[in-house]
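The primary structure of each chain is shown beneath.
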Amino acid sequence: MSTKVSDHVLQRLREWGVETVFGYPGDGINGLLAAWGRAEDRPRFIQSRHEEMSAFQAVGYAKFSGRLGVCAATSGPGAIHLLNGLYDAKLDHVPVLAIVGQTHRTAMGGSYQQEVDLHTLYKDVASDFVETVTVPEQLPNVLDRAIRTAYARRAPTAVIIPGDVQELEYSAPTHDFKMVPSSLDRSAWTAVPSQDSIERAAEILNAGDKVAILVGQGAAGAREEVHRIAQLLGAGVAKALLGKDVLSDELPYVTGSIGLLGTRASYELMRDCDTLLTIGSSFPYSQFLPEFGKARAVQIDIDPHMVGMRYPYEVNLVGDAKETLQRLIPRLESDRGREWYDTVCDNVRHWREVMERRAQLSADPINPEYVARALDPLLPDDAIVTSDSGSTANWYARHITMRGTMRGSLSGTLATMGPGVPYAIGAKFAHPDRPVVALVGDGAMQMNGLAELITAAKYADRWEDRRLVVGVWNNHDLNQVTWEMRAMEGAPSFVPSQELPDVQYAAFARSLGLTGVRVEKPEDVEAGWRAGLEADGPAVIEFLTDPAVPPIPPHATWEQMEATAASILKGDTDRGSMIRQGFKAKVQEFLPHRDKK
């Protein structure tokens, strides 16, 4: 039997080690779907409920496996739907390949059904590599380059295959003029900075008395080296949200997340340091970094296009974090006092005490911080945690303690709503033997999380560890935007845009044959989480939470929060539990300062 182009696509993916493709069918990829049938579902095709979810699942798979994520979609609307998930990959620097169909070549330019100019559509999101296969001999080079580029640039790439090309008999490129042969191998490589730059960086770090380290996801492969350099420098370590799982939060000098969703300890670390070392992070919010001119700074990043931004670094070390730190560590002096280190550790202890108190405060009906706090000690040491965007990201950032081999991620730079559940599904296919927990707000669940519960139910039997727990914060409000309006715009909540209908999330899960628990009282929160973690299959645990608990920034002052309270009381007097005359007192209780005044 002859090999068609579509057969060779799947064969080439298998040769690259691709085991899973997340997609949704359509006639623009009928040739590929038929090939999947002939290939006995190798690589396995995982059907989402929407192409955007396929892209998110591919991103989640890539984030948690370290391998290429692959998604597939039909021409026209299918290819369009992939875009948001692909932009998530682009902005978070994740290797993802999109394989999309296209109108037959004979119809191109004829305003045919589902004909979209995919090159123009994809030229930004897949700017590192997007190409259309028009003849069989072109295929291996295009597909191989797309995969290599995705890995090398840590970016999404796209291969477009018209429907009629998928059905052509495959023929390999020959040893002729204007043919481009290709090969599979992608040998490992490591970038290292020059010796001179290493020595200049060491000089700056050795001169510092109060060193702060900021790590991002680029430091993920250098856990031991980051720990060692922090000990040598007596430094505190703050973590960008995408680097939350780089170091254990049980280490006394780890100050936790940084930024608007970060900790007071990280804010104090950056405010008071005299030297900054940034490793594998492009954290964009310079207002949370040391004041310009106050600290000398060194950066380590593998991408030369991303260095030198965000802060006036004196030395930019372009190289792999692990290899660079291994060269830098022997040049560092360890003879320094402990006053700064002790101060950092004391700030961390105080912050943890503040968070414990905040989680225990009463709310109507349940304090959302307590929901995350109650989960934290119950998480297995090998759990994978995904968070959606919104107020739940605050509680993920501040209350979930990374330890053991735990992993965690969210949509960092794009900060799009909706990836929490599909990320979790992608994580389950990356690690079918590990429990996964998704932290999701009711807005994100209504946007697309409910539909992807169907996907979880469909594939749960394929996972060795069938636990996929979706925790839903049900507060009937698009809470993060509500608070942003109050804090940044000085405006009360605009009810028509912010108020959400009450949906029975747990009941919907039960209708699919999944575990579903609705928690309405604080005393039942821990039991709810236990029910999910002990279930033999996916579970939805729904918590009725108070929208009036503020996600207070780590640098907030009492005066700022008092102004926010005044804004609420002025415009939201008809919102029931959202408004209470004692709100100012509640805000003051939640302030992260030692001296709340």
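Residues numbered from 1 in each chain as written. Predicted model: local features only at pLDDT ≥ 70, side-chain atom pairs only at ≥ 80, totals over all residues. Heavy atoms only, no water.

Here we look at the pattern of salt bridges
Stage number 1. Scanning the model with the defined rule gives 30 salt bridges in all.
Stage number 2. The partner of R349 in a salt bridge is D346, and the shortest N-O contact between them spans 3.7 Å. Residue R349 and its partner D346 are located together in helix 13 (residues 339-360), separated by three residues, close to a single helical turn.
Stage number 3. Overall, R349 belongs to the partly exposed group, its relative accessible area being 47%.
Stage number 4. For R403, the salt bridge is made with D381, and the minimal N-O distance between the two is 3.1 Å. Of this pair, R403 sits in the loop between helix 15 (391-399) and strand 14 (407-409) while D381 sits in the loop between helix 14 (368-375) and strand 13 (384-387), and the two are 22 residues apart along the sequence. (Salt bridge = Lys/Arg side-chain N within 4 Å of Asp/Glu carboxyl O. Helix = DSSP H or I, 4+ residues; strand = E, 2+ residues; numbered from the N terminus. Buried < 20%, exposed > 50% of the residue type's maximum accessible area, 1.4 Å probe, protein only.)

Details of empty space enclosed by the protein
Empty space among the atoms becomes apparent when a probe as large as a water molecule is rolled across them.
Stage number 1. Within the structure shown, the criterion is met by one cavity of 30 Å³ or more.
Stage number 2. P368, S391, W395, W473, N475, N479, T545, D546 and P547 are the residues that line the largest cavity.
Stage number 3. Residues of the lining of the largest cavity, tallied by class, amount to four nonpolar, four polar and one charged. (1 Å grid on protein atoms, 1.4 Å probe; cavity = no way out; pocket = protein on both sides within 12 Å on 5 of 7 lines; lining within 4 Å. Points joined across faces, edges and corners; volume = space filled by probe spheres on them. Nonpolar A, V, L, I, M, F, W, Y, C, P; charged D, E, K, R; others polar.)

Observations concerning the sheet that holds strand 17 (residues 515-519)
Stage number 1. With respect to topology, six strands assemble into an open sheet ordered 14-13-15-16-18-17, the strand pairing being parallel. On the outer flanks of this sheet lie strand 14 and strand 17, each paired with one strand and no other. Taking the axes of each pair of neighbouring strands and ignoring which way they run, one obtains an average angle of 15° across the sheet.
Stage number 2. Sheet analysis places strand 13 next to strand 15 (residues 436-441), joined by four bridges and oriented parallel. By the bridge assignment, V385 is partnered in strand 15 with V437.
Stage number 3. Sheet contacts for helix 14: strand 15, strand 16 (468-474) and strand 18 (539-544); angle to strand 16, the most-contacted strand, approximately 160°. (Pairing = 2+ DSSP bridges. Axes fitted to C-alpha atoms, helices over the stretch in contact; angles between N-to-C directions. Contact = heavy atoms within 4.5 Å.)

Concerning the nonpolar core
Stage number 1. Ranked by internal contacts, the top residues of the largest apolar core, which has 54 residues, are L82, Y122, M445 and V470.
Stage number 2. Take this core: its biggest share by element is eight residues, from helix 3 (residues 51-65).
Stage number 3. Listed in part, the 34 residues of the second largest apolar core include A202, V215, V237 and L317. (Core = buried A, V, L, I, M, F, W, Y, C linked by side-chain atoms within 4.5 Å.)

Points about the pairing of strand 18
Stage number 1. Counted residue by residue, strand 18 has six buried out of six residues, so it is predominantly covered.
Stage number 2. Both faces of strand 18 are covered, namely the face carrying A539, I541 and F543 and the face carrying V540, E542 and L544.
Stage number 3. Note: strand 16 against strand 18, six bridges, orientation parallel. Counterpart to V472 in the pairing with strand 18 is E542.
Stage number 4. In this structure, strand 17 lies alongside strand 18, joined through five bridges in parallel fashion. For G516, the partnering residue across the bridge sits in strand 18 and is V540.
Stage number 5. Taking the sense of rotation as the criterion, the β-α-β connection linking strand 17, helix 21 (residues 525-534) and strand 18 turns out right-handed. (Right-handed = clockwise from strand over helix to strand, strands pointing away.)

Quick notes on the packing of aromatic side chains
Pairs of aromatic rings are described using the distance from one ring centre to the other and the angle between the two planes.
Stage number 1. Taken as a whole and assessed by the stated rule, the structure comprises 13 aromatic pairs.
Stage number 2. With centroids separated by 5.9 Å and ring planes inclined at 75°, the aromatic side chains of F22 and F429 adopt a geometry described as edge-to-face. Of this pair, F22 sits in strand 1 (residues 20-23) while F429 is found in helix 16 (residues 420-430), placing the two residues 407 residues apart along the sequence. Neither F22 nor F429 differs from the other in exposure class; each is buried.
Stage number 3. Both rings, one in F292 and one in Y311, keep their centres 5.4 Å apart while their planes meet at 80°; by these two values the pair is edge-to-face. Of this pair, F292 sits in the loop between strand 10 (275-279) and strand 11 (296-301) while Y311 is found in the loop between strand 11 and strand 12 (315-318), placing the two residues 19 residues apart along the sequence.
Stage number 4. Members of the aromatic cluster, each reached through a chain of ring pairs, are F22, Y61, F429, Y459 and W463.
Stage number 5. The ring centre of Y396 lies 5.4 Å from the NZ or CZ of K244, which sits over that ring. (Phe/Tyr/Trp six-rings, centres within 6.5 Å; stacked < 30°, edge-to-face > 60°. Lys NZ or Arg CZ within 6 Å of the ring centre and 35° of its normal.)

Some points on the confidence of the model for the protein
Stage number 1. On average, residues of the protein score 92 in pLDDT, and 92% of them are at 70 or above.
Stage number 2. Between residues 572-583, whose pLDDT stays under 50, and residues either more than four places distant or in other chains, the model counts 33 contacts.
Stage number 3. Contacts of residues 593-597 to residues separated by more than four positions or lying in other chains number 15 contacts, the stretch itself having pLDDT below 50. (pLDDT = per-residue confidence, 0-100.)

Side note on the sheet that holds strand 11
Stage number 1. A sheet is described by the order of its strands in space; here six strands give the open sequence 9-8-7-10-11-12, paired in parallel fashion. Each edge of the sheet is formed by a strand with only one pairing partner; in this case those strands are strand 9 (254-257) and strand 12. Looking at each pair of strands side by side, their axes are set apart by 15° on average, direction ignored.
Stage number 2. Looking at chain direction, strand 10 and strand 11 are connected through five bridges and run parallel. Its bridge partner lying in strand 11, T275 is registered against R296.
Stage number 3. Across the face of the sheet, helix 10 (residues 223-233) comes into contact with strand 7 (211-215), strand 8 (236-239) and strand 10 while running at roughly 165° to strand 7.

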